[in-house]
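Report on the structure
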Amino acid sequence: MLISKHSNIIILIIFILIFILFNILWIIFDPLSGGFQFIFLLDGIFNLTIRLGIDAISFFFMYLTALLIPLCLLFSFISRTTINEKSNNSMLIFVIGVLLLLVFFVLDFLLFYISFEVILVPFFVYIGVSGYRARRIHAAYLFFFYTLVGSFFTLIAIFFFYIHVGTTDIEILYNTEYIGNRGYLLWVALFFTFAVKVPMFPFHIWSPEAHVEAPTEGSVLLAGLLLKLGTYGFLRFLFPLLSSYNLYFAPFVVTLSSIGIIYTSFSTLRQIDIKRIIAYSSIAHMNMCMVGLFSYNYVAFTGSVFLMIAHGVVSGGLFFVIGMIYSRYRTKIIYYFSGLIHFMPLLSFFFFMLILGNIGMPGTSNFVGELLILCGIMYSGNSIAMIGAVIGIFLCTIYSMWMYNKVTFLLPKFYYLVVPDLFFFEIIILIPLVLLMLFFGVFPIYLLNILDYNMHYNFFELFN
Amino acid sequence: MYLFPLYITLISFVLSFFFGRLINNLYAGILTSIFVFSGFLMSLFIFYEVVICQSPVLINCISWINIGVFELSWAFYFDSLTASMLIVVLGISLCAHVYSIEYMLHDTHQIKFMSYLSLFTLFMLILVTSSNFIILFVGWEGVGICSYLLINFWHTRVGANKSAIMAMFVNKIGDISLLLGFACIYYLISTFDFSIFFLSITSIVNVAHIFERYSRLVNTTLVFVLNNNLLYIVDNALLLLFLIGLFFIVGAVGKSAQIGLHTWLPEAMEGPTPVSSLIHAATMVTAGIFLIIRTNILFQMIGDLFIIIIALGSVTAFMGSTIGIFQADIKKIIAYSTCSQLGYMFLACGLSGYEFSIYHLVNHAFFKALLFLVGGYIIHAINNEQDIRKMGGLLRILPFAYIGIVIGSLSLLGFPFFSGFFSKEKIIELFFSMYENVFSNVYYFNSLIFFQMLVNIAVTFTVLYSIKIVVYVFFLKYVNNKKVLINLHFSSFVTIIPLFLLSILSICSGYFLEDMMVGFSTDIWNGSIYRALNEFDMSNINYFEFNYLSSKLPVYSIVYFIVLFIILFYTCGSLLYYVKVMYPWVHNFYIFFNKKYLFFNKNIFYPIINNTFRFSYNSMYLFFDKGIIEIIGPFGMVKSINKVVVSNIKLQTGLVYHYFGFIVLSILFFIFIVTAYVN
């Protein structure tokens, strides 16, 4: 669908303007209020009243969205596809971007569910269309149906809430109380949905497939934002609405997440597809966020939100790097790569910075999150969680450094294949991510200032 | 102004890494060396102010993480321990920078090398000047990453890649245990600051002891004036402190290459020689020792951990020296010598002699760096040949190298009045003062005697491998190619300067620093290190210091062994070779030591690694991901649905009488069910 020859550039300019808007929003955001800000009320459409608002957590996820989408659009500038395909891709990314911004913006359970589901449609198309491998169709189906089946339960839960309360507005739902044994079923229903999205242990097999088969921009958005939808759903809906039932089930979730960390970290050691390694690494990090969330400790809670934001940046960067390698070599299997530093030194530099971020070296953003989570887990006294987190951090170093070493160092295997080093646009894509990772690592105080009060309000008042 | 060394190394790294391609190789090297030299001058000034004028400094820069209950700030603390380490770090770094201007001159990536050296110095400075545990961890991990980059500098060698990855992994095990220790510290005192930690340890341990004593007498829970929180903490406090100490020990074992996690250090000799001298002799491997010395109050308050430290230290000292005898690569011999000396420092910490440990650290840095750099000089001269069996007769050819190695080796051995003499003898004498404290517990006493025997054997073997180097490289006949001698590459004056400086330091530093650091009732440590000798009491001084013969025994033994081994190697060198070849048991003995105590690699590491990989593929991936989950999940469902559908299609045969039969059958079935239900 070629609307105009310059549809690429128009969409890019729109999203760069949105990104600038979010930077301004960061400054005028009020850090000292616990509830929602910038509330808009949409009245009268289909006799519905919809409220939209931001609080600190959703603000940072929207900021992450506004950061990653222009970078994806920039990336499609330099991919060697026809103008028709470029325009199609940018339309899809545009729709995904709008929906993602919407999903973090709404303060209404039904509308959240709708946007949560509708994001699947452009993703399904995007994964299914791009690439040449037959397995991509299987991956697209897997991705689509796992999330769909999981979120049917939430639909039923929304119906229950509507019948019980009379509206699906979040703030009203927060202030009602649910008693009785029905709450357990509701909790299980909501849990399934979000547990599929954070890839938790038994429901995670869509994630490596979808990450591998998706094109680069798709993988970046998938790892950077879609995985956060699950934990965001936990934060926004499961914790406040069903607090006592959540407390009842919390050890179960912590155990499941710890098993997930150990399991995925071990499974990564023998993978041969670079994207699969990073996908499993994403799963391990998100499960660590879950361990932090459900250990009911304020420090771990803040740490897991921070880790979510940090991980979006780092994983996005890693998938961009792999995309750049892929667009030159057309293969992702690790056997073909070695000695990349000889003719792509710039790429090796950015790759190394992002791998350092993935490992959790102090000075990068992941370390802050992991440190806070570890200290919080120690308080709650859960030894399985401790073991899981520690094994996760250790194995993350092993497979990240092993993969980086194998790809970058030693002599080039196919020295007669001449590929160019990074283009200007690719450097423009990678520099903000690396700088942001370092900024969040060395000065997390600028994020934590805004997150702190909101976390206090959420954790100490809302969840009890 | 005190942060000047940190700033200047950061500027040096950034300038040479990002803009180094705009200037010459030589100029980039000179630039970074000048930066590090100015940092070194600053560190001398810091030493004067902090140590001699006794004014420690705490600089609080910016808040790092602040969420109310969890507060961390970028704060740097300069006390006497820090100031001594600063001189060591910046001095050896300066020598390495100047040395590698010439050593790496013909390497295309020399500028990158200099920038990595500056980055490493920066992280080491952060580690040393930290004022809370997390900043120390920043430096700790940073030097790990820098050591990965520097060992892997010649990254086209397979061996270099393997060694670098092994260094990362083994260090990471220590880092994990350190993180666990930090989490325990946060659990106890909700902060990471050193000063608060040290203050609270004494009060926690005292309160815990009082609580234990009284809880036996009084049945009810003792009513404290404190709130509930502290009661709960006191309940587990001693166990937690013990665990913290244990975690720190494991972390130090990983970083300082004690036995158990020591394999990375000799493999790290794949990197260039300045890297070996900077990282693996003087600075990074002393980070673990530095941590133990920094948290000495913890180990003093909990007396149970001493035996672990003593055991690890003495066994490492013994093991390093026994393996070092049978090696053939000059850098590996010096690496095992480092491993052995680190065992000494660890041991000194375990014997409550923290100031002896730091004193030996300072002395060891100088003569070990000298040994490595002179070794590099020799290697560079004879066309990068590292095997000492192929060298020989270099006495008249490289006389300066001979002087350097002899000075370094005599310091290492503890020859009288060189710098190693003062520190090594005192560490062994510490054993005697420990005996008086533990005389009542006979098992402890016995084990201490065993460990002292190990250390004394290590001293003897140190003589052996040092003399082996000197004899094989300089005294025996030249056994290599004539072309090497024709194309001998003498290094210029730029390389000789650091060697000269280090030689003077390794002779003089022992005598000049002795009274200041370890003399009776010096007050430079000012409370940062627990000193038994500050309370000048006759019971603290060991008896043997006043016994003339016994106190000179090590000196006599060293001189005797030096003469003996020189004669041995010089005359029966070839006889040793024949014995090794002709008798199988001698050969097996040799192989056991040459392959670093064979069982470490074969029985411990390879099974662990192989089984981990096999487990992760077979059990985790195949069984779960590709197995159960897919069968229960989509793949299995698709297959079973397909099967069911295929068999269902067979019902649709298209023949009308089949359909008629089905209708009749179902009517009969329906009547049957209804009649059964009605009845």
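Just above sits the structure.
Residues numbered from 1 in each chain as written. Chains lettered and ligands numbered in written order. Predicted model: local features only at pLDDT ≥ 70, side-chain atom pairs only at ≥ 80, totals over all residues. Heavy atoms only, no water.

Below, the discussion takes up the packing of aromatic side chains. Where two aromatic rings form a pair, the distance of their centres and the angle of their planes describe that pair. All names here are of chain A. For the coordinates displayed, the defined rule picks out 101 aromatic pairs over all chains. Ring plane angle 80° and centroid distance 6.3 Å describe the contact between Trp26 and Phe59, whose orientation is recorded as edge-to-face. Within this pair, whereas Trp26 is found in helix α1 (residues 7–28), its partner Phe59 is found in helix α2 (residues 56–78), the two being separated by 33 residues in sequence. Like Trp26, the residue Phe59 is buried in the burial classification. Note on Phe40 and Phe105: the rings are 6.2 Å apart at their centroids and 80° apart in plane angle, and the pair reads as edge-to-face. (Phe/Tyr/Trp six-rings, centres within 6.5 Å; stacked < 30°, edge-to-face > 60°. Helix = DSSP H or I, 4+ residues; strand = E, 2+ residues; numbered from the N terminus. Buried < 20%, exposed > 50% of the residue type's maximum accessible area, 1.4 Å probe, protein only.)

What follows concerns the nonpolar core. Residue and element names in this part refer to chain B. The biggest cluster of nonpolar side chains holds 414 residues, and the ones touching the most others in it are Phe70 and Ile378. No other element matches helix α15 (residues 354–381), which puts 19 residues into this core. If we skip the residues at most four places from it in the chain, Ile378 touches Met391, Leu394, Leu398, Ala401, Ile405, Val473 and Phe474. (Core = buried A, V, L, I, M, F, W, Y, C linked by side-chain atoms within 4.5 Å. Contact = heavy atoms within 4.5 Å.)

Looking now at the interface of chain B and chain A. Contacts between chain B and chain A engage 58 residues on the former and 57 residues on the latter. Buried surface at the junction of chain B and chain A, both sides included, amounts to about 5,100 Å², of which 79% is carbon and sulfur. The tally of links from chain B across to chain A stands at zero salt bridges. Our count for the contact surface shared by chain B and chain A stands at three residue pairs in polar contact (both at pLDDT 80 or more). Listed by contribution, the elements that provide at least two residues to the side of chain B that touches chain A are α1 (4–18), β1 (57–66), β2 (71–78), α4 (110–128), α5 (133–151), α6 (158–189), α24 (599–632) and α25 (634–649) of chain B. It is α6(B) that provides the largest number of residues to the side of chain B that touches chain A, a total of 14 residues. Within the side of chain B that touches chain A, the residues separate by chemical class into 39 nonpolar, eleven polar and eight charged. (Buried area = accessible area lost by both parts, 1.4 Å probe. Salt bridge = Lys/Arg side-chain N within 4 Å of Asp/Glu carboxyl O. Polar contact = N/O pair within 3.5 Å; in protein donor to acceptor, adjacent residues only side chain to side chain. Nonpolar A, V, L, I, M, F, W, Y, C, P; charged D, E, K, R; others polar.)

All right, on to the pairing of strand β1 (residues 37–45) of chain A then. Residues and elements named next belong to chain A. With six bridges joining them, β1 and strand β2 (residues 48–54) adopt antiparallel strand pairing. Of the residues in β2, the one forming a bridge with Leu42 is Ile50. Connecting β1 to the next strand, β2, in antiparallel fashion are two residues, including Phe46 with a positive phi near 50°. (Pairing = 2+ DSSP bridges.)

Moving on, we come to α1(A). Residue and element names in this part refer to chain A. Taking 1.5 Å of rise per residue, the 22 residues of α1 would be expected to cover 32 Å, and the 32 Å separating its terminal C-alpha atoms lies within 8% of that figure. Those residues of α1 not exposed but buried are Ser7, Asn8, Ile11, Leu12, Phe15, Phe22, Leu25 and Trp26. All buried residues of α1 lie within an arc of 130° about the axis, which places them on one face of the element. Away from the buried face of α1 by more than 90 degrees, exposed residues Leu17, Ile27 and Ile28 are located. Buried positions along α1 lie against β1, β2, α2, α3 (83–105), α17 (424–442) and α18 (445–462). (Expected span 1.5 Å × (residues − 1). Arc of directions from axis to C-beta.)

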